[in-house]
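# Structural overview for review
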Amino acid sequence: MSSFDTKIAVLLRDDLASWQRLNVTAFLVSGIAHVTPELMGEPYEDADGTGYLPMFGQPVLVFSGTGDVLTAAHTRALGRGLRISIFTDELFHTGNDVDNRAAVRAVPGEKLALAGLAVHGPKNAVDKILKGASLHR
């Protein structure tokens, strides 16, 4: 097993429905992939020669926690200067990127109803940001 100096982590609020957890995770990691293309591995190919898209070259760990844990993680991540992707409750009711960004822009940061966030950074910094969260099961 390879060791990485960095960690990719998703933190989900623990009261989300199953479909919401999956949806939020998919959206959140797209932000990480966009700003850190060096995390992407090489394209895949099966034995028949069919090509597939590349994915992250390191694991993505998914955590869960209460709304308070999520709010604290958000504050700690911003305080450490790490870029994060966020998903708020309002985004469950929008249907496109323009409306998504408008919904986030309409709410001050300290009042965001966070459903999840994703972060990539040095392992120790990410571990400190996730204090109080548990590995998603």
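Here, every reference points to the structure presented above.
Okay, so let's go over this structure. (Residues numbered from 1 in each chain as written. Predicted model: local features only at pLDDT ≥ 70, side-chain atom pairs only at ≥ 80, totals over all residues. Heavy atoms only, no water.)

## Thoughts on the overall build of the protein chain
Selection rule: A helix here means a DSSP run of H or I that spans at least four residues, while a strand means a run of E at least two residues long, and both kinds are numbered starting from the N terminus. Classification of residues uses two cut-offs on accessible area relative to the type maximum, computed with a 1.4 Å probe and protein chains only: under 20% is buried, over 50% is exposed, and between them is partly exposed. In what follows, residue pairs with any heavy atoms lying within 4.5 Å of each other are defined as contacts. His residues and chain termini do not enter the charge count, which takes Lys and Arg as positive and Asp and Glu as negative. Every charge is mapped onto a representative atom, which is NZ of Lys, CZ of Arg, CG of Asp or CD of Glu.
When helices and strands are tallied, the protein chain shows 4 helices and 7 strands. Listing the helices and strands of the protein chain from first to last along the sequence gives β-α-β-β-β-α-β-α-β-α-β. The principal-axis extents of the C-alpha atoms in the protein chain amount to approximately 50 × 35 × 30 Å. Within the span of the protein chain, comprising 137 residues, buried residues form 34% of the whole. Here the analysis covers contacts within the protein chain between residues at least 6 apart in sequence; of these, 75% occur between residues at least 24 apart. A gap of 11 Å separates the mean positions of the 13 positive and 15 negative side-chain charges of the protein chain.

## Here's the deal with helix α2 (residues 67-79)
Our working definition: A helix is expected to span 1.5 Å for every residue after the first.
For α2, spanning 13 residues, the distance from its first C-alpha to its last is 18 Å, which sits close to the expected 18 Å at 1.5 Å a residue. Looking at the buried positions of α2, the neighbouring elements they touch are β1 (6-13), β4 (60-65), β5 (84-88), β6 (114-122) and α4 (123-129). Looking at the residues trailing α2, positive phi occurs at Gly81, about 75°.

## Looking at the pairing of β6
The test is simple: Pairing between strands requires that DSSP locate at least two bridges from one strand to the other.
Burial analysis of β6 places 8 of its 9 residues in the buried class, which makes it a mostly covered element. Strand direction decides the pairing type here: β5 and β6, joined by 5 bridges, are antiparallel. What sits directly across from Thr88, in β6, is Leu114.

## Examining the packing of aromatic side chains
The geometry of an aromatic ring pair is captured by two quantities: the separation of the ring centres and the angle between the planes. Stated precisely, the cut-off is as follows: Stacked, tilted and edge-to-face pairs are distinguished by plane angle, under 30 degrees for stacked and over 60 for edge-to-face with tilted covering the rest, among Phe, Tyr and Trp rings (Trp via its six-membered ring) whose centres lie within 6.5 Å.
Enumeration according to the criterion identifies 3 aromatic pairs in this entry. Measuring from centroid to centroid gives 5.6 Å for Trp19 and Phe92, while their planes differ by 70°, and the two rings are edge-to-face. In this pair, Trp19 sits in helix α1 (residues 18-35) while Phe92 sits in the loop between β5 and α3 (97-105), placing the two residues 73 residues apart along the sequence. Every member of this aromatic cluster is reached through a ring pair, and the members are Trp19, Phe27, Phe87 and Phe92.

## Considering the sheet that holds β4
A sheet is described by the order of its strands in space; here 5 strands give the open sequence β5-β6-β1-β4-β7, paired in mixed fashion. Each edge of the sheet is formed by a strand with only one pairing partner; in this case those strands are β5 and β7 (134-135).

## Focus on a nonpolar patch on the surface
We count it as follows: Like-charged residues are merged into a patch within 9 Å and nonpolar side chains (Val, Leu, Ile, Met, Phe, Trp, Tyr) within 5 Å, provided each residue has over 30% relative accessible area and no salt bridge. In short, Shrake-Rupley with a 1.4 Å probe defines the accessible areas, and a residue's cover is counted only from the protein chains shown. By definition here, a salt bridge exists when the distance from a side-chain nitrogen of Lys or Arg to a carboxyl oxygen of Asp or Glu is within 4 Å.
Residues Tyr44, Tyr52 and Met55 make up a contiguous nonpolar surface patch of roughly 330 Å² in combined accessible area. Note that Met55 resides in the loop between β3 (51-52) and β4.

## Regarding the side chain of His120
Here His120 is to be found in strand β6. For His120, the contacting residues outside a window of four places in its chain are Thr6, Lys7, Ile8, Ile32, Thr36, Leu39, Leu82, Arg83 and Val126.

## Here we look at the environment of Tyr44
Take Tyr44: it is sitting in strand β2 (residues 44-45). The sequence separation of Tyr44 and Met55 amounts to 11 residues, and the corresponding C-alpha distance is 8.5 Å. Setting aside its immediate chain neighbours within four residues, Tyr44 contacts Thr50, Gly51, Tyr52, Leu53, Pro54 and Met55.

By themselves, these observations are geometric and do not establish any function.
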